[in-house]
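Breakdown of the fold
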Amino acid sequence: MDPKENIILALDVEHFDDARRLVMEFRDYVGMFKVGKQLFTHCGPKIIDFINMKNSKVFLDLKYHDIPNTVSKAVIEAAKLGVDMLNIHASGGLTMMKESRLALANITKKLQIPRPKIIGVTVLTSIDDGELKAMGISITVKELTKNLALLAKDAGLDGVVAGGEDIEMIREICGKDFVIVTPGVRIGDKKDDQKRTITPKEAIEKGASYIVLGRTLLENHQPFILLEGIYKDILDALSHRQN
Ligand code: C5P
């Protein structure tokens, strides 16, 4: 049980050099690096090559959302880059998710490369019931999350991205092997633009497979001291979970 394996560090920076520095600094301290839209749009696949070269894992967080044919093709290209995990929006629909999952299985079999985990984004942690209502969606974040998680499971996805307060529900309805990645992780009162936040300890206790640390770690003046505390919390939470 190595608590660092439960931690994904979000490389939310613009430049390759900054991302490279973070990878070198944190590669022995976290289980995976998340490459998101900002970094990937700015510097492209070379950051993925770099992380792979350092034998660290990559979560490509581009949250694909388009018609089934387009997302399937994007997912194929992501697999060819050698990422360990990638995500698509579950709200893209069952057909889109099924086709993407199939495309991933086919391409990885053909090229004889490991199949990345493919997970669905349920409801962004920056969205609350008010935001849903403004979009004309009259069910709650919780109900929508539940529907989308079940749809992702039906489509054969490996898991979902979900906010803290939905972890237990998803674990219960989707089973113990379903991957749950939880962003919006905070220590203390600072929320930034996240409307729904959770501490590392609570997230793991409730059943998250991974927590995503972004600003919580990157904006801290003593990130390694903070990480020591988070490891302890994760170990504590895991021992509670197994009892
Ligand atoms: O800095 P912060 O902890 O808010 O970073 C959260 C990271 O997780 C960002 O990279 C964000 O894009 C990502 N994310 C999220 N909510 C989701 C899915 C991903 O905040 N539902």
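Everything numeric in this text was worked out from a predicted model, so none of it was measured.

What counts and how
Think of each chain on its own: its residues are numbered from 1, step by step along the sequence as written. A pLDDT threshold of at least 70 governs which residues receive local features in this predicted model, and a stricter bar of 80 or more applies before side-chain atom pairs are shown or counted, although totals over entire chains, interfaces and linings include all residues. Side-chain numbers come from the whole structure's heavy atoms, not from hydrogens or water. Strands qualify as paired when DSSP identifies two bridges or more between them. Secondary structure elements follow DSSP: runs of H or I of four or more residues count as helices, runs of E of two or more count as strands, with numbering from the N terminus. Orientation is described by axes fitted as lines to C-alpha atoms, over the contacting stretch for helices, and by angles from 0 to 180 degrees between their N-to-C directions. Contact between two residues is taken to exist if any of their heavy atoms lie within 4.5 Å; hydrogens are not considered. Here's how the labels work: a residue is buried when its accessible area is under 20% of the maximum for its type, exposed when over 50%, partly exposed in between, all with a 1.4 Å probe on protein chains only. A crossover gets the label right-handed when its path from the first strand over the helix to the second runs clockwise, viewed with the strands pointing away from the viewer. For the purposes of these results, a polar contact is taken to be a pair of N or O atoms within 3.5 Å, where, inside protein, one atom must be able to donate a hydrogen and its partner to accept one; residues adjacent in sequence count only when each atom of the pair is a side-chain atom.

Here we come to the sheet that holds strand β7 (residues 179–182). Strand pairing in a sheet is mediated by backbone hydrogen bonds. Such pairs are either parallel or antiparallel. On the basis of which strands lie adjacent, the closed barrel formed by eight strands has the order β1-β2-β3-β4-β5-β6-β7-β8 and parallel pairing. Shown here is a sheet whose adjacent strand axes are inclined to one another by a mean of 25°, direction ignored. In this structure, strand β3 (residues 57–64) lies alongside strand β4 (residues 85–89), joined through three bridges in parallel fashion. Counted as the bridge partner of tyrosine 64 is isoleucine 88 from β4. Packed on one face of the sheet, helix α3 (residues 46–53) meets β2 (32–35) and β3 and runs near 155° to β3.

Within β4, five of the five residues are buried, which leaves it mostly tucked inside the rest of the structure. In β4, alternate side chains face the same way, and those of Met85, Asn87 and His89 on one face and Leu86 and Ile88 on the other are all buried. With respect to chirality, the unit in which β3 leads through helix α4 (residues 68–81) into the neighbouring parallel β4 is right-handed. Of the pairings in the sheet, the one linking β4 to strand β5 (residues 117–121) comprises five bridges and is parallel in character.

With that settled, consider the side chain of histidine 89. On the secondary structure map, histidine 89 appears in strand β4. Looking at histidine 89, the relative accessible area reads 13%, which means it is buried. Excluding residues that lie within four positions of it along the chain, histidine 89 makes contacts with Lys63, Tyr64, His65, Met96, Val121 and Leu124.

Moving on: the side chain of aspartate 166. Within the element layout of this structure, aspartate 166 appears in the loop between β6 (159–161) and α8 (167–174). Exposure remark for aspartate 166: the relative accessible area of 1% places this residue in the buried category. Only 3.5 Å separates the side chain of aspartate 166 from the side chain of threonine 145, close enough to count as a polar contact.

Taken by themselves, the reported measurements are silent on function.
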